Amino acid sequence: MNFPAAEKSHQPRTEQIILFRVSGQIFAISSASVQEVRSVDNIAGMARDLPESHLKKVRHSIRRGDRTLYIVNAALHFGLQPQPASLVFFLRRTRTALLIDGIEKMTTMTRLQALSHAFQGEERNWYRGLTALDQTVVPVVHPEGFLSLEELTLLEAAQSSADTRSASVENNGAHVQ
Amino acid sequence: MTVAPETALQSFVLLRLGERRFALPASQVAELVAPSRIFRFPHKSPALEGVILRRGRMIAICDIAEQLTGSRLTARRFTLIATRKYERQLDWIAIPVSGECELINVDMVPASSNDSPHVDGWLSHGGEVIEVLRLSALTPGPAETTLPAPLHDFAPVSGFVLTNPDSKEVRS
């Protein structure tokens with residue numbers, strides 16, 4: 001006579017995520033990685049131009065406390081057709097402020113599957129993995145994957161150049177007065 | 001008295017891509033399923049179309065017809081789910097096929113050094129000579145290692161429980 005095996009009570013680990021939209025594509029990010037969500041209109045006055053940025057996806061920076069964050073256009077980062085962004089995610093423990101189109105909802109994921117090794121491109125840095133929600137597949141982004149160290153170095157150089165230029169303009173202004 | 005050399009017949013799955021038939025060792029074929037929705041998301045692996053969702057698992061899908069026949073499949077009747085070894089890990093890969101598959105038991109003639117890298121061997125069946133495919137040469141990703149390796153499971157994600165109902169051990 002066969003008895004069903006006693007089931008161990010496995011409490012699946014869950015993670016709160018935010019589903020967000022970029023050019024019609026849905027992505028997920030751990031809600032713990034998002035420090036703050038602001039509307040684009042709200043930060044428009046605080047953003048500084050980075051005219052010498054060599055990265056198409058980063059054209060502005062923003063000062064937050066003693067740190068400079070770089071505003072990354074998520075659509076350009078993923079190679080999607082950009083649409084007018086409406087929100088900015090300030091990502092915790094990164095130098096990234098992420099421009100997105102909108103938030104779909106907050107939910108919980110119970111499974112995260114690693115990307116298949118068949119995926120060999122930049123997506124290996126972009127995503128922590130994939131999750132299945134309501135019979136659909138959503139890539140879960142890596143908060144550190146929006147700016148590489150190399151890109152940060154380029155941006156710091158562009159920022160430094162922008163700072164020098166604006167200091168020189170201010171000094172000139174002071175002399176005129 | 002002459003003794004015929006003993007040959008162990010192997011099982012192969014014959015698959016159709018356009019007008020041509022190819023074979024895969026049956027041990028590498030998990031199942032043949034009806035085509036299902038392909039989930040696409042941004043990535044930089046042009047050989048891949050996206051993933052399909054099968055029993056809760058997300059499987060990369062790759063049309064290998066263009067490499068083998070010179071044109072992409074116009075009609076997809078089934079999706080063949082095969083195992084693909086990446087270095088020391090096994091994972092599924094989904095391959096669209098254009099016709100029904102057939103299981104046969106036959107002897108394989110191993111490929112020679114003159115054959116293309118994607119040819120693992122040759123079968124003779126029904127008056128046809130059929131290529132046995134080496135998936136690691138047709139689908140993207142690191143090639144399987146030939147070194148003796150410890151047992152490994154499907155790729156885990158650090159810091160997160162990986163629930164994988166189809167996990168398999170790889171024995172080198």
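Residues numbered from 1 in each chain as written. Chains lettered and ligands numbered in written order. Predicted model: local features only at pLDDT ≥ 70, side-chain atom pairs only at ≥ 80, totals over all residues. Heavy atoms only, no water.

Draft legend 1. Quick look at the packing of aromatic side chains. All names here are of chain A. In this structure the tally under the stated criterion is 10 aromatic pairs over all chains. Consider the rings of Phe 27 and Tyr 127, whose centres lie 6.5 Å apart with planes at 25 degrees: the pair is stacked. Placement of Phe 27 in strand β2 (residues 25-30) and of Tyr 127 in strand β10 (residues 127-133) is noted, with a sequence separation of 100 residues between them. A relative accessible area of 3% places Tyr 127 in the buried class. Between Phe 78 and Trp 126, the aromatic rings sit 5.3 Å apart at their centres with planes inclined by 85 degrees, giving edge-to-face as the arrangement. Taken together, the positions of Phe 78 in the loop between α2 (74-77) and β7 (87-91) and Trp 126 in helix α3 (residues 123-126) put the pair 48 residues apart, joining distant regions of the chain. (Phe/Tyr/Trp six-rings, centres within 6.5 Å; stacked < 30°, edge-to-face > 60°. Helix = DSSP H or I, 4+ residues; strand = E, 2+ residues; numbered from the N terminus. Buried < 20%, exposed > 50% of the residue type's maximum accessible area, 1.4 Å probe, protein only.)

Draft legend 2. Focus on the side chain of Thr 139 of chain B. All names here are of chain B. Mapped onto the elements of the fold, Thr 139 is located in the segment after α2 (135-138). We classify Thr 139 as buried; its relative accessible area is 5%. There is a polar contact of 2.8 Å between the side chain of Thr 139 and the side chain of Arg 84. A polar contact of 2.8 Å, which involves the side chain of Thr 139, links it to the backbone oxygen of Leu 135. Non-local contacts of Thr 139, meaning those with residues more than four positions away in its chain, are made with Cys 62, Ile 64, Arg 84 and Ile 93. (Polar contact = N/O pair within 3.5 Å; in protein donor to acceptor, adjacent residues only side chain to side chain. Contact = heavy atoms within 4.5 Å.)

Draft legend 3. How the structure looks around the sheet that holds strand β7 (residues 89-97) of chain B. Residues and elements named next belong to chain B. The 5 strands lie next to each other as β3-β6-β7-β5-β4, forming an open sheet whose pairing is mixed. Of all the strands in the sheet, just β3 (29-33) and β4 (48-54) have a single pairing partner and so form its edges. When the angles between neighbouring strand axes are averaged without regard to direction, this sheet yields 35 degrees. The sheet contact formed by β3 and strand β6 (residues 78-86) spans 4 bridges and is antiparallel. When the bridges of β6 are listed, Val 29 appears paired with Ala 82. (Pairing = 2+ DSSP bridges. Axes fitted to C-alpha atoms, helices over the stretch in contact; angles between N-to-C directions.)

Worth remembering: the numbers are spatial, not functional.
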